[in-house]
Amino acid sequence: MKAVLIAAVVSLVLSLFGTPAFIRLLVKRGYGQFIRDDGPTSHHTKRGTPTMGGAVIVLASLVAYALAHVFTGQLPSVSGMLVLFLMTGMGLVGFLDDYIKISKQRSLGLRSREKLAGQTLVAVLFAILALQFPNSSFRTPASTAVSFVRDTPIDFAFAGTVLGVVLFVLWANIIVAGTSNGVNLTDGLDGLATGTSAMVFAAYVLIGIWQFNQNCQWNPGTKCYEVRDPHDLAIVAAAGMGACFGFLWWNASPAKIFMGDTGSLALGGALAGLAVLTRTELLVVILGGLFVTITLSVIIQVASFKTTGKRVFRMAPLQHHFELIGWQEVTIVIRFWIISGLFVALGLGLFYAEWVVSAG
């Protein structure tokens with residue numbers, strides 16, 4: 001528990017005080033946000049605001065994780081390192097995308113195929129490595145079984161190990177792509193994606209601690225959790241949570257800096273990694289319900305326009321629809337935060353309810 005608190009506090013402090021220094025660096029180099037002309041007109045005033053702030057979140061999380069282990073004398077776990085690898089790798093893909101946009105002053109960064117290739121490479125490496133490194137209890141960071149609040153009877157290895165690995169890699173790619181793109185689509189208003197991500201990270205802090213206290217490796221029973229390194233995953237989640245809260249101080253409306261794709265892809269990757277390694281792959285759909293809702297709004301809009309020629313929303317993603325019908329940006333963000341909080345509460349409620357029922 002001490003390491004969890006250290007990670008949260010250190011990442012909060014680093015992000016809170018490191019962000020303004022990063023803002024000054026970006027302003028000096030002229031790295032400002034490019035605003036699309038087809039977006040809401042109210043966003044044109046944001047042109048030139050420093051972006052790529054997600055780099056601060058990633059660095060603060062990495063340093064906080066490392067210092068938490070130094071201060072407590074604990075060794076880093078494979079699970080924790082894998083989530084941070086996924087977070088950093090996705091962040092690098094986003095950084096390249098942001099840098100091209102800024103340097104060439106255009107809305108298009110990496111081409112779609114290039115961006116997808118980068119995301120896929122990182123996700124495939126993560127998925128393959130997650131099935132390696134069994135510990136003394138023969139537990140690997142991930143399993144080939146589909147999970148909700150724990151592994152279900154649905155196992156991709158139903159026809160052998162090789163097919164199981166292949167199907168798991170594809171499944172992990174779907175989770176990573178869905179989560180990272182969900183955060184990316186949500187990152188359209190000041191503080192919206194940052195605050196929402198902080199809430200989901202907080203949920204994973206609680207899940208990791210609970211799984212640690214009820215773990216099959218040292219507390220066997222019918223309701224224990226088969227998670228390899230739950231305590232270290234809670235440390236990673238705490239580092240991400242603290243970094244998001246520190247960054248939010250500067251990212252809240254009116255934002256002094258944007259996280260860019262550097263941040264949104266990194267945060268989505270970290271949440272996907274936590275979902276896979278805590279064996280809560282389907283539960284993340286509920287915990288990150290706001291991300292899912294906003295992603296669905298884009299899918300519905302595109303499908304409707306292609307099939308009928310009509311738009312369901314004035315603009316997608318969903319937050320821009322409410323902007324165009326007259327809601328103030330701060331109002332949208334706060335109300336969406338409330339919705340996100342309700343999704344997180346529902347997800348945690350289901351997580352705990354499953355344990356209560358299984359104990360009966």
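These numbers were taken from a predicted model, which means no experiment stands behind them.

The rules behind the values
- Residues numbered from 1 in each chain as written.
- Predicted model: local features only at pLDDT ≥ 70, side-chain atom pairs only at ≥ 80, totals over all residues.
- Heavy atoms only, no water.
- Helix = DSSP H or I, 4+ residues; strand = E, 2+ residues; numbered from the N terminus.
- Expected span 1.5 Å × (residues − 1).
- Buried < 20%, exposed > 50% of the residue type's maximum accessible area, 1.4 Å probe, protein only.
- Pairing = 2+ DSSP bridges.
- Salt bridge = Lys/Arg side-chain N within 4 Å of Asp/Glu carboxyl O.

Asker: Explanation requested: helix α8 (residues 260-277) in the structure shown.
Answerer: Three or four residues apart is the spacing at which side chains of an α-helix point the same way, because the helix has 3.6 residues per turn. Over its 18 residues, α8 extends 26 Å from the first C-alpha to the last, a length consistent with the 26 Å expected when each residue adds 1.5 Å. Across the 18 residues that make up α8, a large majority, 18, are buried. Of the residues trailing α8, R279 is marked for its positive phi of about 60 degrees.

Asker: Even after reading the chapter, I still don't get the pairing of strand β2 (residues 151-155), so can you show me in this structure?
Answerer: Consecutive residues of a regular strand have side chains that alternate between opposite faces of the sheet. Of the strand pairs in this sheet, strand β1 (residues 145-147) and β2 are connected by two bridges, and their pairing is antiparallel. Note that in β2 the partner of S147 across the bridge is D151. What sits between the antiparallel neighbours β1 and β2 is a turn of three residues.

Asker: Explain the pattern of salt bridges here, please?
Answerer: Two side chains that carry opposite charge are able to pair once their charged atoms sit near each other. Summed over the entire model, instances satisfying the criterion amount to nine salt bridges. A salt bridge links K101 to D261; the nearest nitrogen and oxygen atoms lie 3.5 Å apart. Note that K101 is positioned in helix α3 (residues 78-104) and D261 in helix α8, a separation of 160 residues in sequence. What makes D261 buried here is its relative accessible area of 8%. One continuous salt-bridge network, built from bridges that share partners, spans D97, K101, K115 and D261.

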